[in-house]
Amino acid sequence: MRFFVCLFTEHDLRLVALAAAICVLGSWITMRLLLRTQAAEREARPFWVFLGAVAAGSTIWCTHFVAMLAYRPGVPVSYDPMLTGLSLMVAVVSAAASLAVASGRWRFASETGGALFGLGVAAMHYTGMAAFSIDGVILWDTVYVTVSVVLSLVLAGAAFVAATRFGSLQTREILGAATLTASIVALHFTGMAAVGILPATPEPGALTSDDAYGALAVAVAGVGLLVLGTGLASHLLDRQASLRSKARAKQILESSVDGIVIETAGRIVDCNEAFALLFGEERESIIGRAFADLVPRGPSSVDQLVRATLFTSAGTDVPVEVAARDDRDDKTELGTRYYSVRDLRQRLAQEEKITYLASFDNLTGLPNRSSFLEHLDSLIETRPASAGIALFAIDLDRFKEVNDVHGHAAGDHVLRVLAERMRAAVGKDAFVARLGGDEFVAAAVVTDREQALCLASRLERELFATVAYEHADLTCGASIGISLYPDDAASPAMLMNNADLAMYRAKGSHAEVICFYEEEMDERVRERRAMALQLRTALNEKQFFLVFQPQISIYTGEVIGYEALLRWRHPGRGVVPPMQFIPVAEDTGLILPIGEWVLRAACLEAASWTQPYKIAVNMSALQLGNTELPDTIHEILLESGLPPRRLEIEITETSLIHDTERTLHILRRIKALGVSIAMDDFGTGYSSLSTLRAFPFDKIKLDKSFMDDLDKGPQACAMIRAVLALGDSLHIPVLAEGVETRAQLAFLEQEGCSEAQGYLVGRPAESTVPAVEGLVEVTSPLKSAG
């Protein structure tokens, strides 16, 4: 009751209305500055705190003293200038402290800052009341004083919380300003209701009420202008910051490679150039549309990333990825939402390419190993109960020769053509894949072996057909191994392994191109593995020894040299023929240490002979691929003391084909040592004439097969004459291997062949081989025989 009596009977309501208007304006400016302070960077925050403190402090002070101008106590009034000025300082300083605290990032910053603001308002009010002087006594009602302070604390705290947490930016500004106005007004008028006055006689010379009101009015007007100036300054700064922010946002918007769309109240208000290009229209024609019309199945909520379809103006469907974000300052139902739209066409194309590369061979377009294994598993699971699965392991026979002679481009062309032929040959009856290199595989559902053989024959026909390439007809041929499920294997891995075994059986056979898996093949594989282990033991335990076969001059009948031949004396199996263990040694790489042993043993033996006969040593393709071979030969020659001219290295034509340039470089280094180089097994390789042209050989060794066919017809005689004529024209001596009859020797002598080797000339003779420096030294009967 006292509150309303004080307000309506002791105040000029017009000035009260003015005070309220000042309070509302100042509170709104204060709330705006509070929000700008919170959003500002750390470096700029003190500036906004200063502006807010001036605006808020001036608002509190002006509201108080305009309301004091409206106060009519009925006695002369005066104001202490010092306390009046101090009250303004209290308002400004307390406002600065509260804004600084409220702009913090910790949990109860807003509540604490608001409470400090309320205390500041109370402190300013009662400091201002201390400057209030009358001719009489002021009596204070402590209840009203307490209530005024409590109201100030609670309402100011609520104002700061409302301004920083609830609703959109505009809502927060209005709600905060209204609550802050209520805080200041409630404090003032509740505090004034606590005032009781006992009048007294005025003293002469004291400042009269009119004088006090005039001076106070001037001060209030000045501070009011300060409030307006602060508000204007903050508005201008805020506008400038807003323009800069919009310019920066526009720059960011246009610099994005993704399409950006801004939608307000369900309509597009802006978009960047990237989205306009993606949609296919000018930006102006896009503005005003609904985003949902362009991307019907976009994100239904914020913080959601979805794949959708953009319907462009050209009528095409573009796969896109869309993310949505709401404006943090506008959370109304029809507020502002930002869409980020990313074109997925390139990514999807790359994903499709990666998926393709993961499942298909890039060169031939056939499925690769992983895709084939998946298909094989599926075939096994879905096959009819009465049917089986045939797996075909396919390996091209002469593909490396095509690569070496005609180049890798030719090899790639052959692979592509043969892959397409195989796919066309089997059609839907089989699934063909490329495992890598020149290895292919196929799988089909079959009812019996005959059906599998029929499919293999169709594959064989295509694989043995010629492939045209740059005016040349290329033929590879192939070996095909077949394994049947479930007859031959219980799992896909075993099925593939058994098909490989059958394929290797076909590759090793001169008569068969297609081989079915048989159980004894596993036994042969186990034997090869066991032999590989035994070869390592044989090398360490000195189970190898050499035999020597003489080579003679047909004209004089004298021995001109010997060929060193390797033998293996197995402790359990006796002497193992070279044809059984040499291929295993080459496959496992053991041929390198074994070959070095043979070379060292042969040189040591030849160096001990009393006659300067030549010693011939065979070199495998794997040895010739070793760049350290010339250095090894040089070291052994120095170690044994054998003159280089007495050593002859025999190589096959196949050794040159593996890596022609590299092998020729190694041979030139060997020849530079003074060592002779002979072409062994001449006439059985891929291109004998090109081999002779590539390197200046010191001897040609005619293959034994020519001697075997000598009595079978005139063709063999003609071919031998051709080789002898070739050697004569190139000034290269020819040695005929495999001479076993006097008729053969007479034919060679008649045709002008210079040298011969074979059982007729002499069988390989075994030598005793005591250990020397961990290897062997050969002791031969030749020392006495010469």
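Above this note sits the structure.
These lines cover the structure that appears in this document, whether it is placed above or below.

Taking 1.5 Å of rise per residue, the 22 residues of helix α4 (residues 81-102) would be expected to cover 32 Å, and the 32 Å separating its terminal C-alpha atoms lies within 8% of that figure. Within α4, the full set of buried residues consists of Thr84, Ser87, Ala91, Ser94, Ala95, Ser98, Leu99 and Ala102. Down the axis of α4, the smallest arc covering the buried residues is 130°, so these residues share one side. Exposed positions of α4 whose direction lies more than 90 degrees from the buried face are Pro81, Met82 and Val93.

Per the stated rule, a full pass over the model turns up 25 salt bridges. Note that Glu420 is salt-bridged to Arg423, the shortest N-O span being 2.8 Å. Of this pair, Glu420 and Arg423 are both found in helix α15 (residues 408-426), three residues apart, which corresponds to roughly one turn of the helix. Its relative accessible area of 42% is what places Glu420 among the partly exposed residues. Of the charged contacts in the structure, one is a salt bridge between Arg721 and Glu751, with a shortest N-O distance of 3.1 Å. Linking Arg721 in helix α27 (residues 714-730) with Glu751 in helix α28 (residues 742-751), this pair joins segments that are 30 residues apart in sequence. Given a relative accessible area of 39%, Arg721 falls into the partly exposed group. Take Glu751: its relative accessible area is 24%, and that puts it in the partly exposed class. Sharing partners across several salt bridges, the network here consists of Glu563, Glu650, Lys701 and Glu737.

We now examine the sheet that holds strand β11 (residues 431-436). Taken together, the five strands give an open sheet; going across it, the order is β11-β12-β10-β15-β16, and neighbouring strands pair in mixed fashion. Here the strands that pair on one side only, and so sit at the sheet edges, are β11 and β16 (514-516). Each strand of the sheet is rotated relative to its neighbour by a mean of 20°, with strand direction disregarded. Along the sheet face, helix α17 (residues 492-508) touches β10 (388-396), β11, β15 (478-485) and β16 and points at about 145° away from the line of β15.

Pairing between β11 and strand β12 (residues 439-446): five bridges, direction antiparallel. In the sheet register, Gly436 faces β12, and the bridge partner there is Glu439. Taking the residues that link successive antiparallel strands as the turn, the β11-β12 hairpin has two residues, and the phi of Gly437 there is positive, at about 60°.

What follows covers the side chain of Ser553. By the secondary structure assignment, Ser553 is in strand β17 (residues 544-553). Its relative accessible area of 12% is what places Ser553 among the buried residues. Engagement of the side chain of Ser553 in a polar contact is seen with the side chain of Thr556, the distance being 3.5 Å. Apart from the residues within four sequence positions on either side, Ser553 is in contact with Glu558, Ile560 and Ser754.

Quick look at the packing of aromatic side chains now. Within this structure, the stated rule accounts for 15 aromatic pairs. Relative to Trp609, the ring of Tyr562 lies with its centre 5.3 Å away and its plane at 65°, an arrangement referred to as edge-to-face. Here Trp609 lies in the loop between α20 (591-607) and β20 (614-618) and Tyr562 lies in strand β18 (residues 559-570), a separation of 47 residues in the sequence. Each member of the pair, Tyr562 as well as Trp609, carries the same accessibility label: buried. Ring geometry for Tyr562 and Tyr613: centres 5.8 Å apart, planes at 75°, overall edge-to-face. You can see Tyr562 sitting in strand β18 and its partner Tyr613 sitting in the loop between α20 and β20, a full 51 residues away along the chain.

Okay, the sheet that holds strand β8 (residues 317-326) next. In space, the five strands of this open sheet follow the order β6-β5-β9-β8-β7, with antiparallel pairing throughout. At either end of the open sheet lies a strand with only one pairing partner, and these are β6 (267-271) and β7 (305-311). In this sheet, adjacent strand axes meet at a mean angle of 35° when their direction is disregarded. Summarising the sheet, β8 and strand β9 (residues 336-343) pair through seven bridges and their orientation is antiparallel. Each bridged residue has a counterpart across the sheet, and for Glu321 the counterpart in β9 is Arg342.

The biggest cluster of nonpolar side chains holds 71 residues, and the ones touching the most others in it are Ile615, Leu647 and Ile649. Top contributing element to this core by residue count: α20, with nine residues. Ala56, Ile60, Cys62 and Tyr71 belong to the second largest nonpolar core, which has 42 residues in total.

In contact at an axis separation of 9 Å, helix α22 (residues 629-640) and helix α24 (residues 660-672) are set at 20° when each is read in the N-to-C sense. Here α22 is positioned roughly parallel relative to α24, judged by the angle of their axes. Judged by the twist between their axes, the crossing of α22 over α24 is right-handed. Residues Leu629, Pro630, Asp631 and Ile633 of α22 touch α24, and the partners they reach there are Ile666, Arg669 and Ile670. Residue composition of the contact of α22 with α24, grouped by class: five nonpolar, no polar and two charged.

Calculation criteria
Residues numbered from 1 in each chain as written. Predicted model: local features only at pLDDT ≥ 70, side-chain atom pairs only at ≥ 80, totals over all residues. Heavy atoms only, no water. Helix = DSSP H or I, 4+ residues; strand = E, 2+ residues; numbered from the N terminus. Expected span 1.5 Å × (residues − 1). Buried < 20%, exposed > 50% of the residue type's maximum accessible area, 1.4 Å probe, protein only. Arc of directions from axis to C-beta. Salt bridge = Lys/Arg side-chain N within 4 Å of Asp/Glu carboxyl O. Pairing = 2+ DSSP bridges. Axes fitted to C-alpha atoms, helices over the stretch in contact; angles between N-to-C directions. Contact = heavy atoms within 4.5 Å. Polar contact = N/O pair within 3.5 Å; in protein donor to acceptor, adjacent residues only side chain to side chain. Phe/Tyr/Trp six-rings, centres within 6.5 Å; stacked < 30°, edge-to-face > 60°. Core = buried A, V, L, I, M, F, W, Y, C linked by side-chain atoms within 4.5 Å. Parallel < 35°, antiparallel > 145°, perpendicular 65-115°, else oblique. Left-handed = near helix turned anticlockwise from the far one by under 90°. Nonpolar A, V, L, I, M, F, W, Y, C, P; charged D, E, K, R; others polar.

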